[in-house]
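Below are the chains, spelled out letter by letter.
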Amino acid sequence: MPEREAPTGAMDDVDVVTRSVLTASRLLVAVSARSLAAVEERVTLPQFRMLVVLSTRGATKLVTLADLLQVAPSTAMRMVDRLIAAGLADRQANPGNRRETLLQLTEEGRRTVADVTARRRSEIAVIVEKLRPTQRLALIEALAAFNEAGGEPLAPALDEAEPHPLGWAMDVPVGRDA
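This is a predicted model, so every value here is computed, not measured.

How would you summarise the nonpolar core if you had to cite specific residues and measurements?
Membership of the largest hydrophobic core comes to 25 residues, with the highest contact counts inside it found for F48, M50, L51, L65 and L69. At the level of elements, α2 (45-57), α3 (62-69), α4 (73-85), β3 (97-105) and α5 (107-129) are the ones that each hand at least two residues to this core. For this core, the leading source of residues is α2, giving six residues.

Take a look at the structure:
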């Protein structure tokens, strides 16, 4: 791979950096879309986000789930209904308060999250393998700084069991159109 020179002023030009991040985000969105391709007839990207949150948090009340996804409770309920119909989630009475309902993943829902996450990780690894070791180190440092500035915690290591919600930190405002 030929060595690229940094564009003049790139160190100080927010627009140049922003354009580079936007380009990288297009690549990552494409990877995400491809990783969902095997389940796209059953799960949309917003529904997958919900599956990941349920996978990470376990049984969760609807209002909490809606808040975590930053959607209206009615939107979250429609998403849950579709996931239940697809056999990926179910409802159960809260043992601590029988008036509340908790939402949780089914075994098929857990498998779906694991499969999609594994496909995404594998495709990203293929891209990273094309980088030289010095470029990998630079990428780690740049992305760590970028993630820290955006308030996003580090994704789990390959041997960690729990996936982390993909692409949204709990304390950073994001659009409500999930």
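Still more ground to cover, so stick around.
Report on the packing of α2 against α3, specifying residues and quantitative values.
Contact geometry for α2 and α3: axes closest at 11 Å, N-to-C directions at 120°. In the crossing of α2 with α3, the sense of the turn from one axis to the other is right-handed. Where α2 approaches α3, its residues R49, M50, V53, L54 and R57 are matched on the opposing element by T64, L65, L68 and L69. Class assignment of the residues belonging to the contact of α2 with α3 gives a composition of six nonpolar, one polar and two charged.

Can you explain the pairing of strand β2 (residues 89-94)? Please cite residues and give values.
Where β2 lies against β3, six bridges are found, and the strand directions are antiparallel. Bridge assignment links R91 to a residue of β3, and that residue is L103. Linkage of β2 to β3, two consecutive antiparallel strands, is achieved through a turn of two residues.

Account for the sheet that holds strand β1 (residues 60-61), with residues named and values stated.
Across the sheet, which stays open at both edges, the three strands sit in the order β1-β3-β2 with antiparallel pairing between neighbours. One side of each edge strand has no neighbouring strand; the edge strands of this open sheet are β1 and β2. Against the sheet, α2 contacts β1 and β3, and its axis sits at roughly 110° relative to β3.

Now, about unusual backbone geometry: what can you tell me, with residues and values included?
Residues other than glycine seldom take positive phi values, yet Q70 does so here, at roughly 55°. On the accessibility criterion, Q70 (17% relative accessible area) is buried.

What counts and what doesn't
Residues numbered from 1 in each chain as written. Predicted model: local features only at pLDDT ≥ 70, side-chain atom pairs only at ≥ 80, totals over all residues. Heavy atoms only, no water. Core = buried A, V, L, I, M, F, W, Y, C linked by side-chain atoms within 4.5 Å. Buried < 20%, exposed > 50% of the residue type's maximum accessible area, 1.4 Å probe, protein only. Helix = DSSP H or I, 4+ residues; strand = E, 2+ residues; numbered from the N terminus. Axes fitted to C-alpha atoms, helices over the stretch in contact; angles between N-to-C directions. Left-handed = near helix turned anticlockwise from the far one by under 90°. Contact = heavy atoms within 4.5 Å. Nonpolar A, V, L, I, M, F, W, Y, C, P; charged D, E, K, R; others polar. Pairing = 2+ DSSP bridges.

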